[in-house]
Amino acid sequence: MIGLISATAAGSAGCERVASAWPGRTRVYEGPVGDAVRRAFAECEQLVCFLATGAVVRLVAPLLVDKASDPGVVCVDEGGRFAVSLVGGHGGGANELAREVGELLGAEPVVTTATDSVGVPGLDTFGFPVEGDVAGVSRAMLDGEQVGLRAELAWPLPPLRVVASGGEYSIRVTDRVVESAERQVVLRPPSLVVGVGASKGAPVDEVLGLVEDALRDAGLSAKSVAELATVDAKAGEPGILGAAERLGVPVVTYSAEELAKVDVPNPSDAPLAAVGTPSVAEAAALVRGGELLVPKRKSAARPAMATCAVVRRAARGRLAVVGLGPGARDLLTPRAKDELRRASVLVGLDQYVDQIRDLLRPGTRVLESGLGAEEERARTAVAEARLGQAVALIGSGDAGVYAMASPALAEASDDIDVVGVPGVTAALAAGAILGAPLGHDHVSISLSDLHTPWEVIERRVRAAAEADIVVTFYNPRSRGRDWQLPKALTILAGHREPTTPVGVVRNASRPDESSRLTTLSGLDPAIVDMMTVVTVGNTATREIAGRMVTPRGYRWQEEAK
């Protein structure tokens, strides 16, 4: 919950704007400002104070305990010009909140955290526990000193200014119990799954004690436990739920049928009779794959009421397929920017990489290639993700429309996580420039026969012509392909009037953008190239005040008769 506090009419107006925009996330605190801040600080995860920073500093200073637990605090000035991340930039999420508030209010976010200021990811922002000399290692990264990376587990981390080995400072990625050395940070990825079985009424302390003993004896850190796993029949068992709560992890359950299919080293007749599977602890830990580190063991109580097993799951690489939009920076979505900054490896066409190179964090490994290497880029991106990397594969427009998503997903299997990031397509960008040509049913057709036989393309053009659908042509004409567009236009002309509006947009949203509105009979194919999108209206499309408009219904057509 975000607490909202103000002291003046202007501040109150700002509170109301935020509260109305985020009704489920916010709570407005009334009354004396000092009391309001104290109550919000105790009850909320974050605060937005429409007050002077000096006043907020004096009010929250006595309340601060630890940056890992203190709420994030953002200050907004009376004029709504700045949203200042004051306290808890990383741990409390104030940096991101300042950006969100700034976007909502039209204010400039002010973030002074050193790592954020220079684009280096904070070591405490990865979403899993971190131990050791965080400040010292972060400072070394900021100063450009050599920081070594000792990754005992491959994990999809964001880009870091690190080397494979050596350096006075170091980052160690491990799920084992180790003491962080001087000038070292230990990152604890959520790599461990603990399978748990329990008799009805098993005490919390017995279940928790068993899990902690198993981890300790195997030299494994409880901070790397991702979840407790068990059979559906035990989903509500208080001992399991209580142990998970104390460990701060979720309980994940599977059906007895799923668990019975898992090959385990220590099956038993007891759970088979009780819940329908010969194994609960081992099977629940292994059902999604991994390395069995701790075979089934029983609690020390007599009779033993709990069992557990521990599995290390291999890190799943992450492939984000990112659409960059038509070219203009302000048409690149915030989600796309986030994914670009999250990726440690970027794969893309060289000219697209140049568009967004300035958005990449220092240390991002860039794998770029020229035109005509789409399948190679897709294979490269998937291969890097399979190595446990966080990968961004970029394409123009929307990556799923005549771009990189389809070849990449054809290469990928279920051993990596794939995230699609939509972008503004060329058809949409061109449509917005022309007016509203896509107001009714429409279709996009590529006229390139490099990957699709012309017979198939022609059949699709005829179908669109006969169905009276607005058509946007991608890849309409190149030096080596100059007859396909005239042929397609001829097919459409057999079903539409010569005066049908046609929009031609080149380099939509880019500095050298150009557009013109013509007709089906008046279009000169010679003005079209591969950077152009051609949109042909249907029988209801009209030119109105110099704009191309397709009505949502066909009443205009009926009224014109």
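Residues numbered from 1 in each chain as written. Predicted model: local features only at pLDDT ≥ 70, side-chain atom pairs only at ≥ 80, totals over all residues. Heavy atoms only, no water.

## Thoughts on the pattern of salt bridges
Inference 1: Within the structure shown, the criterion is met by 26 salt bridges.
Inference 2: Between aspartate 175 and arginine 312 there is a salt bridge, with the nearest N and O atoms lying 2.8 Å from each other. Here aspartate 175 is found in the loop between β9 (169–173) and β10 (184–187), whereas its partner arginine 312 is found in strand β15 (residues 306–312), with 137 residues between them in sequence. Like arginine 312, aspartate 175 is buried. (Salt bridge = Lys/Arg side-chain N within 4 Å of Asp/Glu carboxyl O. Helix = DSSP H or I, 4+ residues; strand = E, 2+ residues; numbered from the N terminus. Buried < 20%, exposed > 50% of the residue type's maximum accessible area, 1.4 Å probe, protein only.)

## Things to note about the nonpolar core
What tends to happen in soluble globular proteins is that the nonpolar side chains get buried as a cluster.
Inference 1: Val194, Val196, Val211, Leu215, Leu228 and Val310 are the most contacted members of the largest nonpolar core, which totals 23 residues.
Inference 2: When contributions to this core are tallied by element, the ones reaching two or more residues are β11 (192–198), α7 (204–217), β12 (225–231), α8 (238–247) and β15.
Inference 3: Among the elements that take part in this core, α7 stands out by supplying 6 residues, more than any other.
Inference 4: In this view, valine 310 contacts Leu192, Val193, Val194, Leu215, Leu220, Glu291, Leu292, Leu293 and Val294; residues no more than four positions away in its chain are not counted.
Inference 5: Ranked by size, the runner-up nonpolar core spans 21 residues in total, among them Ala465, Ile491, Leu520 and Val528. (Core = buried A, V, L, I, M, F, W, Y, C linked by side-chain atoms within 4.5 Å. Contact = heavy atoms within 4.5 Å.)

## Observations regarding the side chain of serine 509
Inference 1: The topology assignment puts serine 509 in the loop between β24 (501–506) and β25 (514–519).
Inference 2: Residue classification places serine 509 among the buried positions, given a relative accessible area of 19%.
Inference 3: Not counting residues within four places of it along the chain, the set of residues in contact with serine 509 comprises Pro326, Gly327, Ala328, Leu331 and Ile433.

## With respect to the sheet that holds strand β16 (residues 318–323)
Inference 1: The strand order across the open sheet formed by 5 strands is β18-β17-β19-β16-β20, and the pairing between neighbours is parallel. Since the sheet does not close on itself, it has two edges, and those belong to β18 (365–369) and β20 (417–421), each with one partner. Within the sheet, the average angular offset between the axes of one strand and its neighbour, ignoring direction, is 15 degrees.
Inference 2: Relative to strand β19 (residues 390–395), strand β17 (residues 345–349) runs parallel, the two being bridged by 3 bridges. Each residue of the ladder has a partner; that of leucine 346, found in β19, is alanine 392.
Inference 3: Sheet strands in contact with helix α12 (residues 334–342) are β16, β17, β19 and β20, and its direction is about 140 degrees off that of β16. (Pairing = 2+ DSSP bridges. Axes fitted to C-alpha atoms, helices over the stretch in contact; angles between N-to-C directions.)

## A closer look at the sheet that holds strand β7 (residues 130–132)
Inference 1: Spatially, 4 strands are ordered β7-β10-β9-β8 in an open sheet, and the strand pairing comes out mixed. Of all the strands in the sheet, just β7 and β8 (147–151) have a single pairing partner and so form its edges. Strand-to-strand twist in this sheet, taken as the mean axis angle between neighbours without regard to direction, amounts to 20 degrees.
Inference 2: Alignment of β7 against β10, held across 3 bridges, turns out to be antiparallel. Looking at the pairing, glycine 132 lines up with valine 185 of β10.
Inference 3: Helix α6 (residues 134–142) rests against β7, β8, β9 and β10 of the sheet, and its axis sits at about 115 degrees to β9.

## Regarding the packing of aromatic side chains
Inference 1: Taken as a whole and judged by the stated rule, the model has 2 aromatic pairs.
Inference 2: Ring geometry for tyrosine 402 against tyrosine 474: centres 4.7 Å apart, planes inclined by 50 degrees, an arrangement best described as tilted. Of the two residues, tyrosine 402 is situated in the loop between β19 and α15 (405–411) and tyrosine 474 in strand β23 (residues 470–474); the sequence distance between them amounts to 72 residues.
Inference 3: For tyrosine 402, a relative accessible area of 45% corresponds to the partly exposed category.
Inference 4: Residue class for tyrosine 474 comes out buried when judged on its relative accessible area of 10%.
Inference 5: Each ring, one from tryptophan 454 and one from tryptophan 483, has its centre 5.0 Å from the other, and the planes form 70 degrees; the classification is edge-to-face. In this pair, tryptophan 454 is assigned in helix α17 (residues 454–466) and tryptophan 483 in the loop between β23 and α18 (484–493), connecting sequence segments 29 residues apart.
Inference 6: Taking the ring centre of tryptophan 22 as reference, the NZ or CZ of arginine 25 above it sits at 4.4 Å. (Phe/Tyr/Trp six-rings, centres within 6.5 Å; stacked < 30°, edge-to-face > 60°. Lys NZ or Arg CZ within 6 Å of the ring centre and 35° of its normal.)

## Describing the state of the cysteines
Inference 1: In the structure shown here, the tally under the stated rule is 0 disulfides.
Inference 2: Between cysteine 15, a cysteine without a disulfide, and cysteine 49, which holds the nearest cysteine sulfur, the sulfur-to-sulfur distance is 8.6 Å. (Disulfide = S-S within 2.5 Å.)

## Brief notes about helix α14 (residues 374–386)
Inference 1: Taking 1.5 Å of rise per residue, the 13 residues of α14 would be expected to cover 18 Å, and the 19 Å separating its terminal C-alpha atoms lies within 8% of that figure.
Inference 2: Along its buried surface, α14 packs onto β16, β17, β18, β19 and α15.
Inference 3: Phi for glycine 388, located one or two positions after α14, is positive at around 90 degrees. (Expected span 1.5 Å × (residues − 1).)

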